[in-house]
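Here is how the chains run, residue by residue.
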Amino acid sequence: MLCEDCHEREATVHITHVVNGERSEAHLCERCAQKRSESEGVAPFGLQSFLKGLFDPETLFGPGASGGLAGVERVERCQRCGLSLDDFRRLGHLGCSHCYQQFHRQLLPALQRIHGATRHRGKVPSRGNETVLLRRDLKQLREQLNAAIQREAYEEAAVLRDRIRALEEQLGAS
Amino acid sequence: MALDEILKHPVAQWMVGDAPANDIVVGTRVRLARNLHEIPFPGVATRTQLGQVVDQVREAITHAAQGDGRTPRLGRLHFFTMDALSPLTKQLLVERHLISPQHAQTGAGHGVALRDDERVSIMVNEEDHLRIQVLLPGFQPQEAWEMANQVDDALDARLVYAFSDAVGYLTAWPTNVGTGLRASVMLHLPALARAGQIRALISAVAQLGLTVRGIYGEGTEAWGNLFQLSNQVSLGRSEEEITTHLATVARQVIQQERQAREALLNRQRIELEDAIYRSFGIVTHARSLSTKEALRLLSDVRLGIDLGLISGIPETILQELMVRIRPAHLQRLVGRELSASERDLQRATLIRERFKVQR
């Protein structure tokens, strides 16, 4: 089977996507799959918009959070230290530096409220080139995301997608 | 060097001596919050991870103290783990403003480094892995920031900090993220307090991203009319901007306090003199004084000195005694544990003797 984007290379990435019970399939070569994923931000085939609704914090943590989320991990946790968003809300402090990536979206409005700003201006440490480290993390996460999508592990993919987006926002902003 | 050796002076060096604007500014403090890359913050770190932080920081401090050609020598910095310190010693550190009360409750896996002039202290594994603090007498925000920056540079040469290009130095509390900088000036504001202006001051500085609160006392009470003015905002402004902003506002507050003193003298001279001399009389003769009462009286005496009504007593009497009359310092002076009522007696005795020596 040829890739449905370039019609040149063999399609090696096969993704089945279910939206509201409607099934769609896509068959791409690796290069085009990568291209789509880049052009669409993170995940190809509208997966992003599909999951966006699910992982919208309003939906997830608002009053309606209990309904319609069967099978989806409801408690967002930092992948490194295990601190949950609820912990953060209750304690007021974060568990580790990765929490800043994990809870990036929730933190931004808080930072704006506290500091009237969301961007650091000031001293920079001499070591620990963060950009390099973030790019490395990002690369690993994208590989994991592709693997998860191939396995049709959408819940895992959603979590990975969120982490990737947070990282991209950080990198894009810097 | 033992910690008790460093603390042997009855008063810390930041409390005594001549310093800019020290008729109103008791002292200046700058602290920087820092964390190490890849290790969870102290609040969630495991014992092993806390130990790793202590080891790394201890090594960095030892090297920083010696200097290595690239970074300047930091001077005589000594590191102690909290479990090596007695409860009394920890409390002495709290009363000298060198560690936080919460940090005094910690043990193994936590530490403190102290320079022997007590102007630099570093809490290890308090809310953040490192809390670098510089404490100077009088009004010296710029100098305090520069000193803290130097200490930070020296440690940065050996440690990899948790840092993000977007939001800066990463801290346990989002309220400290960015620069990790909290600069404070400790102010004695008896005239503004007497004129009922503190509430207005608090709301005015809040508009400017700053905060005012009492150094001692609970809730809205500020014992001894002692207040701390600090920056709230740590993100989105450079360290210089934060320090300069705080200094600018502090200068205005100092100016307001001077004007209020002037106004008091002009309009209520008799009442003011009467209040000051009464307080002076009590504080030099009382047999039992609570901390709260002692601070109130000493505040009046200090105002009397500033206004030229009382002479022959050093100006720094307030900052000196505000530390020496506190429980652990009294206990060390007497050499045994004291009940609250015993402390009140010892406090009065100490103050009486302190004034006798001076007169």
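Residues numbered from 1 in each chain as written. Chains lettered and ligands numbered in written order. Predicted model: local features only at pLDDT ≥ 70, side-chain atom pairs only at ≥ 80, totals over all residues. Heavy atoms only, no water.

### What about the overall build of chain B?
Argument step 1. Regarding its fold elements, chain B presents 13 helices and 10 strands.
Argument step 2. Dimensions along the principal axes, computed over C-alpha positions, put chain B at roughly 65 × 45 × 35 Å.
Argument step 3. Intrachain contacts of chain B at a sequence separation of at least 6 include 72% that bridge at least 24 residues.
Argument step 4. With an accessible surface of roughly 14,300 Å², chain B has 47% of that area assigned to carbon and sulfur atoms.
Argument step 5. Charged side chains of chain B number 40 positive and 41 negative; the gap between the two group centres comes to 5 Å. (Helix = DSSP H or I, 4+ residues; strand = E, 2+ residues; numbered from the N terminus. Contact = heavy atoms within 4.5 Å. Areas by Shrake-Rupley, 256 points an atom, 1.4 Å probe, with all protein chains shown as cover. Lys, Arg positive; Asp, Glu negative; His and termini not counted. Charge placed at Lys NZ, Arg CZ, Asp CG, Glu CD.)

### As for unusual backbone geometry
Residue and element names in this part refer to chain B.
Argument step 1. You will see that E38, though not glycine, has its phi angle at about 70 degrees, which is positive.
Argument step 2. Here E38 is to be found in the loop between β1 (25-34) and α2 (47-66).
Argument step 3. Of note in the backbone geometry, H97 takes a positive phi value of approximately 65 degrees without being a glycine.
Argument step 4. Tracing the backbone shows H97 in the loop between α3 (87-95) and α4 (101-104).
Argument step 5. For H97, a relative accessible area of 9% translates into the label buried. (Buried < 20%, exposed > 50% of the residue type's maximum accessible area, 1.4 Å probe, protein only.)

### Some remarks on the pairing of strand β5 (residues 130-137) of chain B
Side chains on a regular strand alternate between the two faces of the sheet.
Residues and elements named next belong to chain B.
Argument step 1. Burial within β5 is extensive, with 8 of its 8 residues counted as buried.
Argument step 2. Side chains L130, I132, V134 and L136 of β5 all project onto a buried face; the interleaved residues R131, Q133, L135 and P137 project onto the opposite face, where all are buried too.
Argument step 3. The sheet contact formed by strand β4 (residues 120-124) and β5 spans 5 bridges and is antiparallel. For M123, the partnering residue across the bridge sits in β5 and is R131.
Argument step 4. From the end of β4 to the start of β5, which pair antiparallel, there are 5 residues, and N125 there has a positive phi angle of about 65 degrees. (Pairing = 2+ DSSP bridges.)

### Section: the domain arrangement of chain B
All names here are of chain B.
Argument step 1. Partitioning chain B into domains gives domain 1 (3-259) and domain 2 (268-358).
Argument step 2. Taking only C-alpha atoms into account, the centre of domain 1 sits 27 Å from that of domain 2.
Argument step 3. In this complex, domain 1 contributes 28 residues to the contact, which on the side of domain 2 involves 25 residues.
Argument step 4. Across the domain 1 to domain 2 interface the summed buried area is about 2,400 Å²; carbon plus sulfur atoms make up 62%.
Argument step 5. The interface formed by domain 1 and domain 2 holds 1 salt bridge in total.
Argument step 6. Of the charged contacts, one joins D300 and R194 as a salt bridge, the two residues approaching to 3.7 Å between their closest N and O atoms.
Argument step 7. Seen at the junction of domain 1 and domain 2, the total is 9 residue pairs in polar contact (both at pLDDT 80 or more).
Argument step 8. With 5 residues, the top contributor of residues to the side of domain 1 that touches domain 2 is α3. (Domains from an automatic or database assignment. Buried area = accessible area lost by both parts, 1.4 Å probe. Salt bridge = Lys/Arg side-chain N within 4 Å of Asp/Glu carboxyl O. Polar contact = N/O pair within 3.5 Å; in protein donor to acceptor, adjacent residues only side chain to side chain.)

### A word on the pattern of salt bridges
Argument step 1. In total, this model carries 29 salt bridges over all chains according to the counting rule given.
Argument step 2. Ionic pairing is found between A:R90 and A:D87, a salt bridge with its closest N-O pair at 2.8 Å. In this pair, A:R90 and A:D87 both sit in helix α4 (residues 85-91), 3 residues apart, roughly one turn of the helix.
Argument step 3. Classification of A:R90 by relative accessible area gives exposed; the value is 60%.
Argument step 4. By relative accessible area, A:D87 is classed as buried at 17%.
Argument step 5. Where B:D128 meets B:R131, a salt bridge forms, and the shortest distance between an N and an O atom there is 3.0 Å. Taken as a pair, B:D128 and B:R131 share a single burial class, namely buried.
Argument step 6. Here the salt bridges do not stand alone but share partners, grouping A:K123, B:R34, B:D152 and B:D153 into one network.

### Observations concerning helix α6 (residues 104-115) of chain A
The periodicity of an α-helix, 3.6 residues per turn, causes residues three or four places apart in sequence to face the same way.
All names here are of chain A.
Argument step 1. Relative to the 16 Å expected for 12 residues at 1.5 Å per residue, α6 spans 15 Å between its end C-alpha atoms, a close match to the ideal helical length.
Argument step 2. Residues of α6 that are buried: H104, Q106, L107, A110, L111 and H115. An end-on view of α6 places all buried positions within 140 degrees of arc, on one side of the element.
Argument step 3. Following α6 by one or two positions, G116 has its phi on the positive side, about 65 degrees. (Expected span 1.5 Å × (residues − 1). Arc of directions from axis to C-beta.)

### Some points on the domain arrangement of chain A
Residue and element names in this part refer to chain A.
Argument step 1. You can read the domains of chain A as domain 1 (1-45), domain 2 (50-115) and domain 3 (129-173).
Argument step 2. Taken together, the contact between domain 2 and domain 3 spans 13 residues of the former and 13 residues of the latter.
Argument step 3. Surface buried jointly by domain 2 and domain 3 totals about 1,300 Å² across both partners, of which 55% is contributed by carbon and sulfur atoms.
Argument step 4. Taken together, domain 2 and domain 3 are joined by 1 salt bridge.

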